Structures are given as C-alpha cells and as structure tokens.
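If you want the building blocks of each chain, they are given just below.
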Amino acid sequence: FSLQQDIESNEVLRRAQTEAAPAAPYAAYYKAGRLRSDLILEGFAAAGIRIGETKSGVRDLHGAPNSEIHYDQDGSDYWVYNNKGFDVSFAAPEYRVKVIFLYAAKQEGHAEYVGSTPEGIGVFSRRRDIEQVFGKTLSITSFSLKSLGDSALATYRDNFHISYQGARTDDMRANVKSIVIKS
C-alpha cells in the first residue's frame, strides 16, 4: 500500500463507521450515498436527509437555510427551510441531525413539504389514512398554543410523530399539520 492508498482506505473506514447505515426496509432507497428527496422514511430520513447527517451534508443537499436558530440551553441548532416545507434540528456537540420536521402548507410559515412515505402517506394525508398504514397511535394528546392553534400530537413509533389540526383526539378526518422524524 502507498501512503495515499492507506489514507483513502482509512477515510472510507471512518465514513463507514460514522454514517448511519440504511435501515433494512429502506436500503433500496439509499443509492450512491443519497436518498430520494421526495421520500419520508419513518425513523430514518426525509427530504433526502438522514438522521445523523452533518450540517455540511444538509447544506450541500439543500443550500443555506432561510434562517438559523441557536439554543443556548442545550447548544443545539435549528435550521428553517420554510420555502421547502421542512426544518432540521442538530444536536450538540457533534451537530448531527437529530430531528426532521415536515410541514403542511401554511403551517408555521412554511410551504408544503412535497414527499411521502413509500406507502403514500404525507403531510396531505388524513389521520384515517395514516392509521390504515401505521396502525393506531401509541398515544395522542391535545394541546392549544396561541401561535399554533388547536392541535393533537400523535405518537406512532418512538421516532415518528404526527401533529393534526384540531384538538379532538378522536377525529379520524383530521388533517396533518406536521410530521416529525427523529432518532
């Protein structure tokens, strides 16, 4: 081995150790290091961004965010891509993607995120359609915030949550406000 080959070999090993491996059911959507940007992959990725991605990886894929917020309490950073319908939260100290937020049209000043799960579920879906695919919620809680209005937050998996319009926890016709993908 030459020194250059050794360096390249170590770099490939380092990347393989630090990058999140595709979840088995989603491996087919992971090609040449990139995911399709129109996919929502439960607990793994959305908008072509995988959980665990670096800031530079997100910037390379989507460009500069519309705005950036830094939270002193925990050191995390939050990037807003309201023109693309999503936001990304980076956990300190490594600043890798911890949470991806996908929005329906006009939610928190966002355009609608254009994408869906392989089963066809997206921010345009209603609760009854989502529960046909993902099953009943593990939990659902209603809340009301002045800035967001009445909502119901449903947990389908530990890493997959959906916020619905309206505070009724039994409304199967409720429209999606946002989808949350997290680690």
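Residues numbered from 1 in each chain as written. Predicted model: local features only at pLDDT ≥ 70, side-chain atom pairs only at ≥ 80, totals over all residues. Heavy atoms only, no water.

1. Regarding the environment of Glu119
Then, in step 1: The residue Glu119 is located in the loop between strand S9 (96–103) and helix H3 (127–134) in this model.
Then, in step 2: Overall, Glu119 belongs to the partly exposed group, its relative accessible area being 46%.
Then, in step 3: Residues Glu119 and Ile130 lie 11 residues apart in sequence; the distance between their C-alpha atoms is 9.5 Å.
Then, in step 4: If sequence neighbours within four positions are ignored, Glu119 has contacts with Val133 and Phe134.
Then, in step 5: Polar side-chain contacts of Glu119 include one of 2.9 Å to the side chain of Thr117. (Helix = DSSP H or I, 4+ residues; strand = E, 2+ residues; numbered from the N terminus. Buried < 20%, exposed > 50% of the residue type's maximum accessible area, 1.4 Å probe, protein only. Contact = heavy atoms within 4.5 Å. Polar contact = N/O pair within 3.5 Å; in protein donor to acceptor, adjacent residues only side chain to side chain.)

2. Comments concerning the packing of aromatic side chains
Then, in step 1: Evaluation of the coordinates by the stated rule reveals 5 aromatic pairs.
Then, in step 2: Considering the side-chain rings of Phe134 and Phe160, the 4.7 Å spacing of their centres and the 45° angle between planes classify their relative orientation as tilted. Separated by 26 residues along the polypeptide, Phe134 in helix H3 and Phe160 in strand S12 (residues 160–165) bring together distant segments of the chain.
Then, in step 3: Linked through ring pairs, Phe134, Tyr156 and Phe160 together constitute an aromatic cluster.
Then, in step 4: Between the NZ or CZ atom of Lys55 and the centre of the ring of Tyr95, over which it lies, the distance is 4.5 Å. (Phe/Tyr/Trp six-rings, centres within 6.5 Å; stacked < 30°, edge-to-face > 60°. Lys NZ or Arg CZ within 6 Å of the ring centre and 35° of its normal.)

3. Description of the sheet that holds strand S6 (residues 67–70)
Then, in step 1: Within the open sheet, the 8 strands sit side by side as S6-S7-S8-S9-S13-S12-S11-S10. Their pairing is antiparallel. In the strand order of this sheet, the two ends are held by S6 and strand S10 (139–145), each with one partner. Geometrically, the sheet is characterised by an average inter-axis angle of 20° between neighbouring strands, direction not taken into account.
Then, in step 2: The pairing of strand S8 (residues 86–91) with S9 spans 6 bridges and is antiparallel. Counterpart to Phe86 in the pairing with S9 is Leu102.
Then, in step 3: In the packing of helix H2 (residues 55–62) onto the sheet, the strands contacted are S6, strand S7 (77–81), S8 and S9, and the crossing angle to S7 comes to about 5°.
Then, in step 4: Packed on one face of the sheet, H3 meets S10, strand S11 (149–157), S12 and strand S13 (176–182) and runs near 10° to S11. (Pairing = 2+ DSSP bridges. Axes fitted to C-alpha atoms, helices over the stretch in contact; angles between N-to-C directions.)

4. Overview of the nonpolar core
Then, in step 1: Of all hydrophobic cores here, the largest spans 30 residues; its most connected members are Leu102, Tyr164 and Ile179.
Then, in step 2: Going through the elements one at a time, S7, S8, S9, H3, S11, S12 and S13 are the ones with two or more residues in this core.
Then, in step 3: Apart from the residues lying within four places of it in its own chain, the contact partners of Tyr164 are Arg127, Ile130, Asp150, Ser151, Ala152, Ala154, Tyr156, Ala174, Asn175, Val176 and Lys177. (Core = buried A, V, L, I, M, F, W, Y, C linked by side-chain atoms within 4.5 Å.)

5. Details of the environment of Ile140
Then, in step 1: Assignment of secondary structure puts Ile140 in strand S10.
Then, in step 2: C-alpha separation for the pair Ile140 and His161, spaced 21 residues apart in sequence, amounts to 9.6 Å.
Then, in step 3: Setting aside residues up to four positions removed in sequence, Ile140 forms contacts with Arg127, Ala152, Leu153, Ala154 and Thr169.

6. Describing the pattern of salt bridges
Then, in step 1: Under the counting rule described, the total for this entry stands at 10 salt bridges.
Then, in step 2: The salt bridge involving Arg36 is made with Asp38; its shortest N-O contact spans 3.1 Å.
Then, in step 3: With a relative accessible area of 34%, Asp38 lands in the partly exposed category.
Then, in step 4: Glu131 is the salt-bridge partner of Lys136, the closest N and O atoms lying 3.8 Å from each other. (Salt bridge = Lys/Arg side-chain N within 4 Å of Asp/Glu carboxyl O.)

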